[in-house]
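Now for the letters of each chain:
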Amino acid sequence: MTRPTARVLALLEILQAGGTRTVADLAGRLDVDERTVRRYVAHLIDLDIPVRSVRGRYGGYRLAPGYRMPPLMLTDDEALAVLLGLVAGRRAGLVTTTATAMESAAAKMRRVLPEVLGRRLDALLATVDFTAAAGPAATRETGVLLTLAEAARRRRPVAVGYTARDGRRSERTVHPYGIVVRSGRWYVTGADSASGEVRTFRLDRVENPVVLPGSFEVPAGFDAAARVLSGLAELPYPHEVSFRVRGTAEQITARLPAGLATVEELPDAPGAVPSSQAAGAALAPEAGDEGSAPEAEAGGASSSAGAGAREGGTWVRVRLRAERLDWVPSLLARLDRPFVIEHPEALRDHVRALARRLIAGADDVPDDVGPPPWSAPAPPTPPDRP
C-alpha cells in the first residue's frame, strides 16, 4: 500500500503543536476516517517518532514530552523568519557566545531546506544590508544566561561571582527580578545581598551561578527594563549636567535617547530664574513664543530666554552624565524647546560656540556645494559600565 506521506507529515505537524488530540479531531482535520488516523500513527511510530496513546474518554494521541523535531516542516515564511532572526540577532549582539553558534545553526537549517527555497534564502542573505552598524557583541556564557533566566522565572536566589569594572571580584547572592538586553549587552537586575539594594549586573561579568534553595517575591510593578535604563543614566562620569526644559516629561523623554538621562517634572510655574541660569538660551524658541533668535555672543541671556524662563507652563529637569560636553548643545537643539542651563557653567560656552557655527553656516554662501566645515557630534549611546 502506498503511504500518503503528505498526510502523515500533516499529522506530525498537528501533534507538534502540543497537547492530546482525540482520534475524532485528527480524523476531521486530516479529512480521513479514524481507522486511517491509527494507521498514520503507526507510520510515525515506525519512524521512531515517540507518539503516545492516551486512554480514557478524552484520550487520543500526543508526542512524548521533550521530543524535538528537526526543522523539516518549515514553510517558506517560517524558514525566512528563522534565518533572518539569526542574522538580526547577531547584528544586535543578542546571539550568545560567538558568531560560530549562529553560523552553525544557519548551516544546519540550510542543509534540511528544499533546494529551491535554500537557494532563494542564500540570495537574500547575500544581498541584504542594514542601515545601522552592527552592535557590540559581548562574549557571555550561554549557561550563565540560561541559569539566571530560569532562576528569575522560578524566583530562586542565585549565588554568583562578579567582577566589577575596576577589576574587584566578589561573591554575592542575587535575587534576579529580570533579564534585560541593551545595546548588545545583557544585564540581570534584582536584589543584591552585598548592598541590600536593587542592583544591575552585566552578565558577561558574572561567573559560576548556582541556584540556591528558597524563593523571593518581585516588588509589585517592578519594571526591569526601566530599572536598567535608569541605572545606566546614573553612572558616574566627569560631567554632571542639569538643565530645565519646557514641556511634559513624556514629551521630553520621547526626544531623548533611551537611558541617556533622567527626567523630573517640575511645578507648572517655575518662577523667576536668576540671570546667570538664563544664559543658556534655547537655540530656537518654541513655536508661538515671543522673542527673536538667541544671541550668538556670550555674555548674557537673550530676551527670548529670559521671557521663556520666567513664563508659566510645564517644565521638566533633565539630568545626565557625560564624558564630554561638546555633544550636549546638539542635544539641546534637537529638543527644540526653551531651556535653562543649571550646571555646569562650561556648557554655556559650548552652546554659544554651536550657535556661532550655526549662524556662520547660515550666512555663508559658498561657490560650490561641499561638506560643511564642521559637524556637531551626535549624542552617544550611553556606555554600559555597571
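Worth saying up front: this structure is predicted, and the values here are computed from it rather than measured. (Residues numbered from 1 in each chain as written. Predicted model: local features only at pLDDT ≥ 70, side-chain atom pairs only at ≥ 80, totals over all residues. Heavy atoms only, no water.)

*Asks:* I keep staring at the nonpolar core and nothing clicks. Help me out?
*Replies:* Counting residues in hydrophobic clusters, the biggest one holds 22 residues, and the most contacted among them are Phe 243, Val 245, Val 318 and Leu 320. The residues contacting Phe 243, other than those within four sequence positions of it, are Val 316, Arg 317, Val 318, Leu 320, Leu 332, Leu 335, Val 340, Ile 341 and Glu 342. With 18 residues, the next largest nonpolar core counts Val 23, Leu 26, Val 32 and Val 41 among its residues. (Core = buried A, V, L, I, M, F, W, Y, C linked by side-chain atoms within 4.5 Å. Buried < 20%, exposed > 50% of the residue type's maximum accessible area, 1.4 Å probe, protein only. Contact = heavy atoms within 4.5 Å.)

*Asks:* Please explain the pattern of salt bridges as it appears in this structure.
*Replies:* Where charged atoms of side chains with opposite charge meet at close range, the side chains can pair. Under the defined criterion, the tally for this structure stands at 16 salt bridges. Two residues, Glu 342 and Arg 317, come together in a salt bridge whose shortest N-O distance is 2.8 Å. With Glu 342 in strand β11 (residues 339-343) and Arg 317 in strand β10 (residues 315-322), this pair connects stretches of sequence that are 25 residues apart. A single burial state applies to Glu 342 and to Arg 317, both of which are buried. The network of salt bridges with common partners includes Arg 244, Glu 264, Arg 317, Arg 319 and Glu 342. (Salt bridge = Lys/Arg side-chain N within 4 Å of Asp/Glu carboxyl O. Helix = DSSP H or I, 4+ residues; strand = E, 2+ residues; numbered from the N terminus.)

*Asks:* What exactly am I supposed to notice about the sheet that holds strand β4 (residues 169-182) here?
*Replies:* Pairing between sheet strands relies on hydrogen bonds along the backbone, with the strands arranged either parallel or antiparallel. Read from one edge to the other, the open sheet built from 5 strands follows the order β6-β5-β4-β3-β7, with strand pairing classed as antiparallel. Only two strands of the sheet have a single neighbouring strand rather than two, namely β6 (198-202) and β7 (206-211). Adjacent strand axes in the sheet meet at a mean angle of 45 degrees when their direction is disregarded. Pairing between strand β3 (residues 158-163) and β7: 4 bridges, direction antiparallel. Across the sheet, Val 158 pairs through a bridge with Val 211, a residue of β7. Contacts from helix α7 (residues 142-154) reach β3, β4, β5 (185-192) and β7 within the one sheet, and its direction differs from that of β4 by about 80 degrees. (Pairing = 2+ DSSP bridges. Axes fitted to C-alpha atoms, helices over the stretch in contact; angles between N-to-C directions.)

*Asks:* Hey, could you run me through the sheet that holds β10 in this one?
*Replies:* The sheet built from 4 strands is open, its strands ordered β9-β10-β8-β11 with antiparallel pairing. At either end of the open sheet lies a strand with only one pairing partner, and these are β9 (261-265) and β11. Strand-to-strand twist in this sheet, taken as the mean axis angle between neighbours without regard to direction, amounts to 20 degrees. Bridging between β9 and β10 involves 5 bridges; their strand directions are antiparallel. Its bridge partner being in β10, Glu 265 is matched across the sheet by Val 316. With respect to the sheet, helix α12 (residues 328-335) is in contact with β8 (239-246), β10 and β11, its orientation differing from that of β8 by roughly 15 degrees. Running at roughly 140 degrees to β11, helix α13 (residues 346-363) makes contact with β8 and β11 of the sheet.

*Asks:* Mind showing me how you'd approach the confidence of the model for the protein here?
*Replies:* Low pLDDT marks regions whose predicted coordinates should not be analysed in detail. Here the protein averages 75 in pLDDT, while 69% of its residues score no lower than 70. Here residues 269-311 is modelled with pLDDT under 50, and outside its nearest four sequence neighbours on either side it reaches 77 contacts, counting other chains as well. (pLDDT = per-residue confidence, 0-100.)

*Asks:* Even after reading the chapter, I still don't get the environment of Glu 217, so can you show me in this structure?
*Replies:* Along the chain, the position of Glu 217 falls in the loop between β7 and α8 (224-233). Considering only alpha carbons, one finds Glu 217 and Arg 156, 61 residues apart in sequence, at a separation of 9.3 Å. A polar atom in the side chain of Glu 217 sits 3.0 Å from the side chain of Arg 155. (Polar contact = N/O pair within 3.5 Å; in protein donor to acceptor, adjacent residues only side chain to side chain.)

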